[in-house]
Amino acid sequence: YFFDASQPFIAPIAEWGWRVNDSLGMIGSMQGSTPAFSFDSTGRYQVMLTVADSIGCADTIIQQVTVNPSPASAFSYTENVDNIQGQVQFTNGSVGAEQYFWDFGNGETAYSESPIITYAEDGTYEVILVSVSENGCHDTASIMYEMIFKGLWVPNAFAPGGTIQATRYWKPVGVNLASYNVEVYNSHGALLWKSSKLDANGAPAEGWDGTYNEKLCQQDVYVWKIQAIFRDGSVWYNMDV
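Computed from a predicted structure; not experimentally measured.

Q: What should I look at first to understand the overall build of the protein chain in this one?
A: The helix and strand inventory of the protein chain stands at zero helices and 18 strands. Relative to a compact globule of 241 residues, whose C-alpha radius of gyration would be 18 Å, the protein chain shows 33 Å and is clearly more extended. Along the longest, intermediate and shortest principal axes, the C-alpha atoms of the protein chain span 105 × 35 × 30 Å. Burial statistics for the protein chain: of 241 residues in total, 31% are counted as buried. The contacts in the protein chain between residues at least 6 apart in sequence include a share of 51% that link residues at least 24 apart. When the accessible surface of the protein chain is totalled, it reaches about 15,300 Å², and 50% of it is carbon and sulfur. Mean positive and mean negative side-chain charge positions of the protein chain (10 and 26 charges, respectively) differ by 20 Å.

Written out as structure tokens, the structure reads:
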């Protein structure tokens, strides 16, 4: 960006003409009192400004302009750091920078090189990295990061006739499931109960009360089978989260 600082004499300045030269000659021109020019490469350039007032008087000045290299912002990320959902490690891969500013899209910011951030809610967040060189040149990189908490936990015992309400049903607990199918079998391979219902949060909506044909099953070891896919398309592989 260029800003004219010329002082008028008798009449106000009415015209501005800018000319940008490299070592081989003119590479561009501009008009107006506050123009902008994009340089294709670094180096030293001559910028000439000619101003003219409303009665035709003119003056010219030439100044040297040094174009410094811009940094290149880049970063990657690793999810579920230390097996904590929502905890993300951002790894800085910027080149030619010595200062950094991060905006994680959730109201939090950071100035460290490779920060760790923890998201508390599902959502799509714009993550922005601004890198700054020693000469004060900036570059920006950004991504849209989609955070989704997902998991499925399966209990290994329950007591249908017990005194604790929470353990009277065998009910897996999950979140952000897109599809879900559960079946319970006895030791002879007979299917006793099944369900595929999910609530609005993608959590299993039903539990087994330990009965078959409205009769309570005997105390025993039973087998469950679950197939589940999360809302981001990933498959659950029998891992408690």
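Q: I'm lost on the pairing of strand β4 (residues 58-67) in this one. Help?
A: For a regular strand, side chains alternate in direction, first toward one face of the sheet and then toward the other. Across ten bridges, strand β3 (residues 43-53) lies against β4 in antiparallel orientation. If you follow Arg44 over to β4, its bridge partner there is Thr66. Between β3 and β4, which follow one another and run antiparallel, lie four residues, and Gly56 among them has a positive phi close to 95°.

Q: What should I look at first to understand the packing of aromatic side chains in this one?
A: Counted under the stated rule, the structure contains 17 aromatic pairs. Aromatic pair Phe90 and Trp102: ring centres 5.7 Å apart, planes at 40°, arrangement tilted. Taken together, the positions of Phe90 in strand β6 (residues 87-92) and Trp102 in strand β7 (residues 99-103) put the pair twelve residues apart, joining distant regions of the chain. Residue classification places Phe90 among the buried positions, given a relative accessible area of 0%. Take Trp102: its relative accessible area is 0%, and that puts it in the buried class. Aromatic pair Trp208 and Tyr222: ring centres 5.6 Å apart, planes at 75°, arrangement edge-to-face. Here Trp208, found in the loop between β15 (191-195) and β16 (211-212), pairs with Tyr222, found in the loop between β17 (215-216) and β18 (223-230); they are 14 residues apart in sequence, far enough to count as distant. Using a relative accessible area of 3% as the deciding quantity, one classes Trp208 as buried. Taken together through their ring pairs, the aromatic side chains of Phe75, Tyr77, Phe90, Trp102, Phe104, Tyr119, Tyr125 and Tyr145 make up a single cluster.

Q: Whenever I open this one, the side chain of Asp53 confuses me. Can you help?
A: Within the secondary structure layout, Asp53 lies in strand β3. Although Asp53 is buried, it forms no salt bridge, and the closest oppositely charged side chain is Arg19 at an N-O distance of 21 Å. Within the structure, Asp53 has its side chain in polar contact with the backbone nitrogen of Ile55 (distance 3.1 Å). Leave out the neighbours within four places in its chain, and Asp53 touches Ala11, Pro12, Ile13 and Ala14.

Quick notes on the rules
Residues numbered from 1 in each chain as written. Predicted model: local features only at pLDDT ≥ 70, side-chain atom pairs only at ≥ 80, totals over all residues. Heavy atoms only, no water. Helix = DSSP H or I, 4+ residues; strand = E, 2+ residues; numbered from the N terminus. Rg over C-alpha atoms; globule rule 2.2 N^0.38 Å. Buried < 20%, exposed > 50% of the residue type's maximum accessible area, 1.4 Å probe, protein only. Contact = heavy atoms within 4.5 Å. Areas by Shrake-Rupley, 256 points an atom, 1.4 Å probe, with all protein chains shown as cover. Lys, Arg positive; Asp, Glu negative; His and termini not counted. Charge placed at Lys NZ, Arg CZ, Asp CG, Glu CD. Pairing = 2+ DSSP bridges. Phe/Tyr/Trp six-rings, centres within 6.5 Å; stacked < 30°, edge-to-face > 60°. Salt bridge = Lys/Arg side-chain N within 4 Å of Asp/Glu carboxyl O. Polar contact = N/O pair within 3.5 Å; in protein donor to acceptor, adjacent residues only side chain to side chain.

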